[in-house]
Amino acid sequence: MENQEMELTFSDIIRIFKRRKWLFVGIFITTVLITLVYLFFFATPIYKAEQIVEYKKSSGSSISFGDASGLAALAGLSSSTGDSGLDNEIQKMKSDAVLGKVVDELNLVQKAEENKNWFAKIRGIEYTKRGFIKSIKDKITIETVENTSMLSISYESSDPTQAASIVSLTYDYYTQFVKENYFKDTEKYLTQLQNVFDDVSRQYDQVNKELLDFQTKNKITTSTEQTDPMIQYYADTYMQKIQLESQKANLEIKKETIEKNLFEMDPQMKEFILLNSSNSNITTIKNQIIQNQIKLETLKLNQPNSPQIRVLSSTIQVQQQQLQEEMQNILSSDMNFLATIDREKFNEYIQTKTQLELFDITEQVTNRMLELVDQEIASRSPIMYKYFLLQKEQKILEVKYNTILNTLEQENLKKSLYESNFNIITASYVPENPIAPNKKLILAIGGVLGIFLGILGVFVKESSDNKIKDIHEFETLFKIPETTIKSEKDLEKIVNIIYETQNKKIGIIETQNNLNNHSKKVHSIIKTIDPEIEFTDTTENKPYAEKIKQFEEDKQKEKFIVRFNSIESSEYLLYKNLIQKNIVLIKEKDTEIETIEKINKTIKNPIYVYIK
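These numbers were taken from a predicted model, which means no experiment stands behind them. (Residues numbered from 1 in each chain as written. Predicted model: local features only at pLDDT ≥ 70, side-chain atom pairs only at ≥ 80, totals over all residues. Heavy atoms only, no water.)

**Here's the deal with the overall build of the protein**
What counts here: Runs of H or I in DSSP of at least four residues are treated as helices and runs of E of at least two as strands, each being numbered from the N terminus. Buried means the residue's accessible area, taken with a 1.4 Å probe over protein chains only, is under 20% of the maximum for its type, while exposed means over 50%, and partly exposed covers the values in between. Here, two residues are considered to be in contact whenever any of their heavy atoms come within 4.5 Å of each other.
Of the regular secondary structure elements, the protein holds 23 helices and 10 strands. With 612 residues in all, the protein has 39% of them scored as buried. A fraction of 82% describes how many contacts in the protein between residues 6 or more apart in sequence connect residues 24 or more apart.

Here it is, written out as structure tokens:
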């Protein structure tokens, strides 16, 4: 019978594990022991040091200075300091300037060279400051604490003292680095600011002198200045323009900052904003408002009691409302963007854009009115016009002078009130307990791995074992044996088989040499029944001639029992045609499946006796 693949059932698997239970237990215990040895003798404990700091979102003074920075921008100035953002501060903490000082402070390069192991010496490894900076930068973790304005600075190392030192020194050198840069930038800014102030101060003194000389020469008095309402209107409008430009500059900065944040969150937002910012409806509404606003200002100047003023004011209010609604519709039309950005920040952006559009309208109206009034004044009173130009220049320089002076005072105050961007909430300390390895987790993993390897080992051993493991396997692969023998007392079953077959020439094939001469014992029993039956043991070591002589004698016998140790033996080739019935002894856990397959191919209807 050909060997065939068995489909494993649950009961088959249970039998396999019963047979191989000690193999499974051995693999499992060995794996767990190896895991324990690793944990207690080889695993390096890792310690984590951490420091929590609170971000205050501004550097220098906490005082608010209003619109002075915007007016300073009109004078060609820009602030030296400001909130650079939490992400920027994190990058500063990881900068080479900060981490390089940490490496120097802890003397990491020299310590590494002194403690270099033999393997590193053989490979010629050289430790450098640059390498340690990169190592710390890669391993240090600086991240925001969820839903707070706090930062967690942490570092993991096998040396708990070193981990705490790196965290603490990183923060200390960061604050030192930021402070040094702040004072350096502030000094540079104050120097530039002082130079601009000196220049404006000289210009301001000069225009005051020119204005006084012009008044004296042309005999202009205070009453003369106030006779022409056009001049007063021009002065008021021009100062309004200066303030308007300052406010607009601040709004532009705010808009650009918001747009930058929006673009970083959604790359498509930039294209969306650019496509919609030049909408034709907005342009049309703006032009209508500008025209009506110019008419209104002209009426206020020339016909202050005209009833048309109220009508134009109402019309302009309606048009401004339409402009705001149009801006809202354009920037809020695609709701997909709201899913990926900060809703509050997006609404702020819409309001800023709308204010800029309204400022743009006011700016155009103001410029147009200044042109008209300028032409009117120039045509009606050339001397007063020249006088007014001097007054205008004086006013502009006065605003610049006061603005820069105020800014100088504020910057000096900020410098004196400097404080760090952060407050320490939890200072770094030397950790007492390691965070890794997690002994319970690794031991659990070792146990699971032991179970897996045990199962794998059982099935590998089972699949590589080509011997008959139990009677169930034999029955599944071949057939049910004629009988089963558990001890020598059961050898009578073989005698009964021989007796019942009525065959006189019997061959007993022992598939293993360790069957304790069952054939001889069977012959001894059967001889008590039939003394005439002879026994021949072909497994004995005899000369070839004697074996042939024995075969010739057996050919003449009517009854005999012949013992063989294999069907492939030369003796079996001699006897196979004489033998009337073959009894095959199968030894559990010793007889190979391949041997039984060969017997099935060679012998017709063999009688199998299964020996446990």
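Now that the structure is up, let's keep going.
**As for the environment of L578**
Looking at the element boundaries, L578 is found in the loop between α22 (570–575) and β9 (581–587). With 73 residues separating them in the primary sequence, L578 and K505 have C-alpha atoms 7.1 Å apart. Setting aside residues no more than four positions away along its own chain, L578 makes contact with K505, F551, K555 and F560.

**Considering helix α5 (residues 96–106)**
Every buried residue of α5 is accounted for by V98, L99, G100, V102, V103 and L106. Where α5 is buried, its residues touch α4 (86–93), α6 (108–114), α8 (129–139) and α9 (160–218). Just beyond α5, the residue with positive phi is N107, at close to 55°.

**Describing the packing of α5 against α8**
Stated formally: In this analysis an axis means a line fitted to C-alpha atoms, helices contributing only their contacting stretch, and an angle means the value between N-to-C directions, from 0 to 180 degrees. Working rule for angles: under 35 degrees goes down as roughly parallel, over 145 as roughly antiparallel, 65 to 115 as roughly perpendicular, anything else as oblique. Should the near helix be turned anticlockwise from the far one by less than a right angle, the crossing is left-handed, and should it be turned clockwise, the crossing is right-handed. Under the convention adopted here, Pro, Cys and the residues Ala, Val, Leu, Ile, Met, Phe, Trp and Tyr are nonpolar, Asp, Glu, Lys and Arg are charged, and Gly plus all remaining residues are polar.
In the contact formed by α5 and α8, the axes pass within 9 Å of each other and the chain directions differ by 110°. Between α5 and α8, the angle is such that the two are roughly perpendicular. Judged by the sense of rotation from one axis to the other, the crossing of α5 with α8 is right-handed. On the side of α5, the interface is formed by D96, L99, G100, V102, V103 and D104, while α8 contributes K129, R130, F132, I133, I136 and K137. Among the residues forming the contact of α5 with α8, the class breakdown is six nonpolar, one polar and five charged.

**Considering unusual backbone geometry**
Across the chain, the bulk of peptide bonds are trans and the bulk of non-glycine residues have phi less than zero. Along the chain, A436 connects to P437 via a cis peptide bond; the corresponding omega equals 0°. Mapping P437 onto the fold places it in the loop between β4 (422–426) and α17 (439–464). Residues other than glycine seldom take positive phi values, yet N107 does so here, at roughly 55°. A positive phi angle, close to 65°, is found at N147, a residue other than glycine. Tracing the sequence through the fold places N147 in the loop between β2 (141–144) and β3 (150–157). With relative accessibility at 77%, the residue N147 sits in the exposed group.

**A word on the pattern of salt bridges**
Condition: By definition here, a salt bridge exists when the distance from a side-chain nitrogen of Lys or Arg to a carboxyl oxygen of Asp or Glu is within 4 Å.
In total, this model carries 26 salt bridges according to the counting rule given. For E371, the salt bridge is made with R368, and the minimal N-O distance between the two is 3.2 Å. One end of the pair is E371 and the other is R368, both in helix α15 (residues 343–380) and three residues apart, which spans about a single turn. Notably, a salt bridge pairs K587 with D590, separated by 3.9 Å at the nearest N-O pair. With respect to burial, K587 and D590 carry one shared label: buried. One continuous salt-bridge network, built from bridges that share partners, spans R19, R20, E462, D465 and D470.

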